[in-house]
Amino acid sequence: MTYVDASNLPHHVGIIMDGNGRWAELRGEPREAGHKAGSAAVRRVVRAARRLGLTALTLYAFSEQNWARPIGEVDALMGLLREFLVTERNEILDNEIRLVAIGDLERLPPFVREALDPLRVASGDNCKMTLALALSYGGQEEIARAARDLATEAREGKLDPSSIDTRAIASRLPSLGVGEPDLIIRTGGEHRISNFLLFGAAYAELAFTDVLWPDFKEEDLFEALASYQRRERRFGRVLSHATSPRTASPLDGGAMRV
């Protein structure tokens, strides 16, 4: 049983959901079966995050580079995305979750947008938790778009180039609409962030697990959160124990067994 300090949760958690294909291959099944099992893991983790009280959760659901996968696999992923949006609509709204999407959404097929866009609008005023789906998303591409926008404004005389700093760039990044990620989790045994939340990840804590995404359970999320709470976040500074942002011991008051 893992203990998580409910009084010191990360504000924003991002998850790179990796391992669907390998999960299926290990069972002699098509990759599409792994994606379907991964969709069930999404439901588990979103519910666990809401129950814990996380403020924001960003899931790397489909990368800009994923469009290069076989058309059958892409179609299956888009179908599962629509199914998730349709079947989870009531639960998202009933639990006051705000759904947002980041990435090049214009590339999504119409049948996905027909489910995505109305739910984004309907949940827009919800405030219990924000669920951000990274769809057709790439961190480098997001930064490039922001740079183009800033360059255009500077060329048109609407912006002084000397005023462009990290805050100016950050203000143009949809992925930071819920703040910089405090913790990024990657499943599947790989140790890289694969173009995910690149700008915001500058000081994010990273957690890697060998668990393939379809097998990722609540306990795995709690273990990542507990690991995060044992770390001392310095942000480039040297901190004394008196001023350290390190979380309290799970044995101290306020710890929550989950």
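Residues numbered from 1 in each chain as written. Predicted model: local features only at pLDDT ≥ 70, side-chain atom pairs only at ≥ 80, totals over all residues. Heavy atoms only, no water.

Brief notes about the packing of aromatic side chains
By the definition in use, this model includes 5 aromatic pairs. For the pair Y60 and F196, a centre-to-centre distance of 4.6 Å together with 20° between the ring planes defines the contact as stacked. One end of the pair, Y60, is in strand β3 (residues 56-63); the other, F196, is in the loop between β6 (183-186) and β7 (205-208), with 136 residues separating them in the sequence. In this structure Y60 comes out as buried when scored by relative accessible area, which is 9%. Of the aromatic side chains, those joined through ring pairs into one cluster are Y60, Y137 and F196. (Phe/Tyr/Trp six-rings, centres within 6.5 Å; stacked < 30°, edge-to-face > 60°. Helix = DSSP H or I, 4+ residues; strand = E, 2+ residues; numbered from the N terminus. Buried < 20%, exposed > 50% of the residue type's maximum accessible area, 1.4 Å probe, protein only.)

Structural notes on the environment of A204
Among the structural elements, A204 can be located in the loop between β6 and β7. In this structure A204 comes out as buried when scored by relative accessible area, which is 13%. Once residues lying within four places of it in the same chain are set aside, the contact partners of A204 are P181, D182, I184 and R233. (Contact = heavy atoms within 4.5 Å.)

Some words on the UniProt feature "active site" (unreviewed entry) in the protein chain
With numbering aligned to this structure, UniProt lists the feature "active site" (unreviewed entry) at D18 and N66. The greatest C-alpha distance among the annotated residues, which extend across 49 residues, is 12.2 Å, indicating that they converge on a single site. Structurally, D18 can be placed in the loop between β2 (12-16) and α1 (20-26). Note on D18: relative accessible area 19%, which makes it buried. For D18, the residues in contact, after removing those within four places along its chain, are R186, T187, G188, E190, L212 and W213. (UniProt positions renumbered as here; feature names shortened; annotations may be inferred.)

Here we look at the sheet that holds strand β4 (residues 97-102)
Hydrogen bonding along the main chain pairs the strands of a sheet, whether they run parallel or antiparallel. If you walk across this open sheet you meet the 6 strands as β4-β5-β3-β2-β6-β7, and the pairing is parallel. Of all the strands in the sheet, just β4 and β7 have a single pairing partner and so form its edges. The sheet shows a mean angle of 20° between the axes of neighbouring strands, taken without regard to direction. The pairing of β3 with strand β5 (residues 129-137) spans 7 bridges and is parallel. Directly across from A56, in β5, lies its bridge partner T130. Running over the sheet, helix α2 (residues 31-52) touches β2, β3, β4 and β5 and is turned about 165° from β3. (Pairing = 2+ DSSP bridges. Axes fitted to C-alpha atoms, helices over the stretch in contact; angles between N-to-C directions.)

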